[in-house]
Amino acid sequence: MVKTSSEPSPAPLERYSLNGQTMGTRYTAIFYGPPGLDRAAIGASLFAAVDQVDRQMSTWNPASDLCRLNAAPAHAWITVPAELAQVLATGLRISLQSDGAFEMGVGELVARWGFGPARRQTPADGLAPPSTPFTPATTALEVDLGRLRVRKHTAVALDLCGIAKGYGVDKLAHCLDGWGLERYLVGIDGEMRARGTKPDGAPWAVALEKPTYGTREVAGVMELEDMAIATSGDYRHWVDVGGTRYGHTINPALGRPLSNGLAAVTVLASTCMLADAWATALMVLGPVEGVALARQRGMNALFVLRDGDGFQETLILAGEPADPS
């Protein structure tokens, strides 16, 4: 005898795709949910999530909380939003853990090399020694998370380009969590975060870009499930000074952009904020020290080194070397 159930079968999940502009680029959200979800309401909440990050942490918006902090006098406690305080505290921690490779206090150097809001035609004067000694954010900044306030012990120009975009991706994820959605892929440019799988059980596929100058090609695919991914590279934004090409990421130890042979570093982490910051730190450390630190910390990271007209890849999974193919 065959038993039948009177309960109706659940409706198949519907695929949704929303996107918009933020931080000088675009954000995307692909998710599965029941039919009839309010796209407009979800889209508005997604935009509000990333817009909040942009309004707090942009160096391009003079009215942002970060610019207000940069302009504040030393030794004065400045009240900041909880999100900015969290990002600053995380940045200081990763700076200590990476022996200064991740550095938020590079705003003046970013400007001198023409990567900031006040772009110049030629960044050659970036090679000249700075007028004042460089002070790392770990020395210059104090964050009081309990009272949501920050003070500078000395003048410092903070730049959060190596961590804010990843945090924005996390805010997109938290937004969809709030809507009760459990299968999604969200991203800002190349920084992505996934939850769950597609309805058929397949993981989310994220394309890895080939680090070639001036063109956009797919080099491979990374599969994600309950994981975030971020890439730092030298191939999107760079300057040429005297025939030497410098990527936009600043090496705080040298006071100038990178030129260490690494084309890109991709990091997998539990949050996109961590993946973003650690990709920056490992990119600064380079192909030897970066790999060593990734192994020491048990990280998942892909290093792509320029080798003539080609590339060499080093893959670290859970701190151990693996075959990148």
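Please refer to the structure higher up on the page.
Cut-offs and rules
Residues numbered from 1 in each chain as written. Predicted model: local features only at pLDDT ≥ 70, side-chain atom pairs only at ≥ 80, totals over all residues. Heavy atoms only, no water. Helix = DSSP H or I, 4+ residues; strand = E, 2+ residues; numbered from the N terminus. Buried < 20%, exposed > 50% of the residue type's maximum accessible area, 1.4 Å probe, protein only. Lys, Arg positive; Asp, Glu negative; His and termini not counted. Salt bridge = Lys/Arg side-chain N within 4 Å of Asp/Glu carboxyl O. Contact = heavy atoms within 4.5 Å. Pairing = 2+ DSSP bridges. Axes fitted to C-alpha atoms, helices over the stretch in contact; angles between N-to-C directions.

## Considerations on the side chain of aspartate 276
In step 1: If you trace the backbone, aspartate 276 turns up in helix H7 (residues 272-296).
In step 2: An unpaired buried charge is present at aspartate 276: no salt bridge exists, and lysine 165, the closest side chain of opposite charge, is 6.9 Å distant.
In step 3: The contacts of aspartate 276, once residues within four sequence positions are left out, are Cys161, Gly162, Ile163, Ala164, Lys165, Gly166, Glu191 and Ala230.

## Here's the deal with the sheet that holds strand S5 (residues 149-152)
In step 1: Pairing within the open sheet is antiparallel, and its three strands lie in the order S3-S5-S4. Both outer strands of the open sheet, strand S3 (78-79) and strand S4 (141-144), are each paired with one neighbouring strand and no more.
In step 2: Of the pairings in the sheet, the one linking S4 to S5 comprises four bridges and is antiparallel in character. Paired with valine 143 across the bridge in S5 is valine 150.
In step 3: The strands touched by helix H3 (residues 82-97) within the sheet are S4 and S5, with S4 carrying the most contacts at an inclination of about 130°.

## What about the pattern of salt bridges?
In step 1: Evaluation of the coordinates by the stated rule reveals 10 salt bridges.
In step 2: A salt bridge links arginine 55 to aspartate 51, with the shortest nitrogen-to-oxygen separation between them at 2.9 Å. Separated by four residues within a single helix, arginine 55 and aspartate 51 lie in helix H1 (residues 39-57), roughly one turn from each other.
In step 3: The exposure class of aspartate 51 is partly exposed, given its relative accessible area of 22%.

## Here we look at the sheet that holds strand S16 (residues 300-307)
In step 1: With antiparallel pairing, nine strands are arranged side by side in an open sheet as S1-S2-S6-S7-S10-S15-S16-S17-S18. Each edge of the sheet is formed by a strand with only one pairing partner; in this case those strands are strand S1 (14-22) and strand S18 (320-322). Averaged over all adjacent pairs, the angle separating strand axes in this sheet is 15°, with direction ignored.
In step 2: Across seven bridges, the pairing between S16 and strand S17 (residues 310-317) is antiparallel. Directly across from arginine 306, in S17, lies its bridge partner phenylalanine 311.
In step 3: Each of S1, strand S2 (25-33) and strand S6 (183-188) is contacted by H1, which is oriented at about 35° to S1, the strand it contacts most.
In step 4: Sitting on the sheet, helix H6 (residues 164-178) touches S2, S6 and strand S7 (191-195), and the angle it makes with S6 is about 150°.

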